[in-house]
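Listed here are the chains, written in short residue letters.
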Amino acid sequence: MEQAIEISELNHRFGIPGIVKIVAGHGGLTKVEVTSSAAQGEMYLHGAHVTSWKPSEAEEVLFVSSQSHWNDSRPIRGGVPVCFPWFSNKADDPNAPMHGFARTKAWQLESIVQTGDAVTVSMFIESDDTTKKWWPADFRAVYRATFGPELILELDVVNTGKMSFQFEEALHTYFRVGNIETVQVSGLDGVDYLDKTDEKRKKTQKGAIAIVSETDRVYLNTGAVVDLEDPASGRKIAIAKENSMSTVVWNPWIQKAKAMSDFGDDEWPQMICIETCNVGNSEVELTPGHHHQMKALVRVSNLKPTV
Ligand code: TA6
């Protein structure tokens, strides 16, 4: 009954009749559902996790595993996990949660605004005892997802304390593809990367990226637009960004897929992560009272048929 009251209260405060509804989603987790003329979208309060974006002229753009956990102690497998305030494992604490605490924290709705045919859902978290268990900083993080002809994701972090701090951040986006083995990822030619499948050796990208085995790369010092060409689904996904200087490209391939309990053994050909981030040498330093806003902008277009 409690959740029903919470959902009814949230609909009263934030719902937009015929456009935005708050419902109980998978596992009973509270979800914002957007249905506008330009796009459909979904975003859970758990982790402020975007799990769906479907522009009106295209098929679903995001991948979510059929084996994902749906409970408030585990991250959702797929969509756009928000990794903050560190990426991968925490350097000084092996017991800390992978990719930070933000993706398993309960975010709060701040606002839902319709602008033309797009809808922007804003959620926030603030430092509290649970965050200070892992990270001493005083902060407020606001995450805005705009569901329209473009998907725009903005993570805005404010230093609300008296001390400077550093943090890493990643919008760990899982894109749905028709067949990973025919995908081409361009835009990173000549960019150095750390190859996490080869002891983080530094290498330089030559030409477009083809995925032919487990791929886990952190591209460094790059603000480049990345184009994901997926001939099997006849579409191109362009991922632009602002205030992000690293890009991660990941596909688990066969063995890693089998090793993940919340990921189907046969799902690796249907997805690729292209992550807008600031990690490693591009971690962000914030002085008191200042804020940093990282933005990812995703657009889908038809792939011109190759003659
Ligand atoms: O972004 C790629 C990566 O760091 C991979 O190394 C892999 O661990 C992936 O993230 C998924 O991490 P997760 O904690 O969500 O299983």
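Fair warning: this is a prediction, and the values are worked out from it, not measured in the lab.

The rules behind the values
- Residues numbered from 1 in each chain as written.
- Predicted model: local features only at pLDDT ≥ 70, side-chain atom pairs only at ≥ 80, totals over all residues.
- Heavy atoms only, no water.
- Helix = DSSP H or I, 4+ residues; strand = E, 2+ residues; numbered from the N terminus.
- Buried < 20%, exposed > 50% of the residue type's maximum accessible area, 1.4 Å probe, protein only.
- Polar contact = N/O pair within 3.5 Å; in protein donor to acceptor, adjacent residues only side chain to side chain.
- Contact = heavy atoms within 4.5 Å.
- Pairing = 2+ DSSP bridges.
- Salt bridge = Lys/Arg side-chain N within 4 Å of Asp/Glu carboxyl O.
- Axes fitted to C-alpha atoms, helices over the stretch in contact; angles between N-to-C directions.
- Near = heavy atom within 4 Å.
- Areas by Shrake-Rupley, 256 points an atom, 1.4 Å probe, with all protein chains shown as cover.
- 1 Å grid on protein atoms, 1.4 Å probe; cavity = no way out; pocket = protein on both sides within 12 Å on 5 of 7 lines; lining within 4 Å.
- Sits in = over half its atoms within 2 Å of the grid points.

Got a minute to help me understand the side chain of His172 in this structure?
Position of His172 relative to the elements: it lies in the loop between strand S11 (169-171) and strand S12 (174-176). What makes His172 buried here is its relative accessible area of 5%. A polar atom in the side chain of His172 sits 3.4 Å from the side chain of Glu275. Residues within four places of His172 in sequence aside, it is in contact with Gly79, Val80, Pro81, Cys83, Phe87, His99, Trp250, Cys273 and Glu275.

Even after reading the chapter, I still don't get the sheet that holds strand S23 (residues 291-302), so can you show me in this structure?
Two pairing modes exist for strands in a sheet, parallel and antiparallel, and in both the strands are linked by backbone hydrogen bonds. Within the open sheet, the nine strands sit side by side as S6-S7-S8-S9-S23-S19-S18-S13-S16. Their pairing is antiparallel. Of all strands in the sheet, those with a lone pairing partner are strand S6 (108-115) and strand S16 (209-210), marking the two edges. Taken together, the eight bridges between strand S19 (residues 235-242) and S23 define a ladder with antiparallel strand orientation. Within S23, the residue paired with Ile237 across the bridge is Val300.

Honestly, the pattern of salt bridges in this entry has me stumped. Any pointers?
Opposite charge on two side chains allows them to pair when their charged atoms are near. Going through the model one piece at a time under the given rule, you end up with 18 salt bridges. Put simply, Lys132 and Asp138 hold a salt bridge, and the shortest N to O gap is 2.4 Å.

Sorry if this is basic, but what is going on with the pairing of strand S15 (residues 201-204) here?
Pairing of strand S14 (residues 192-195) with S15, which is carried by four bridges, proceeds in the antiparallel orientation. Residue pairing in the sheet places Tyr193 in a bridge with Lys203 of S15. Between S14 and S15, which pair antiparallel in sequence order, lie five residues; one of them, Glu199, sits at a positive phi of approximately 50 degrees.

How should I be thinking about the sheet that holds strand S4 (residues 49-55) in this particular structure?
Spatially, the four strands line up as an open sheet ordered S1-S2-S3-S4, and their pairing is antiparallel. Each end of this open sheet is capped by a strand with a single partner; those strands are strand S1 (20-24) and S4. With direction set aside, neighbouring strand axes in the sheet form an average angle of 15 degrees. By the bridge criterion, five bridges tie strand S2 (residues 30-35) to strand S3 (residues 39-44) in an arrangement that is antiparallel. Following the sheet pairing, Glu33 is matched in S3 by Glu42. Across the sheet, helix H1 (residues 2-14) is in contact with S1 and S2; its angle to S1 comes to roughly 170 degrees.

Honestly, the site of the ligand in this entry has me stumped. Any pointers?
Taken together, the neighbourhood of the ligand is formed by Arg77, Phe87, Met98, His99, Arg103, His172, Lys196, Asp216, Val248, Trp250 and Glu275. Within the side chain of Arg103, a nitrogen or oxygen atom sits 2.8 Å from an oxygen atom of the ligand. With respect to the ligand, the side chain of His172 contributes an N or O atom lying 2.9 Å from an oxygen atom. Within the complex, 85% of the 390 Å² of free accessible area of the ligand lies under protein. With respect to the pocket detection grid, the ligand is positioned in the largest pocket.

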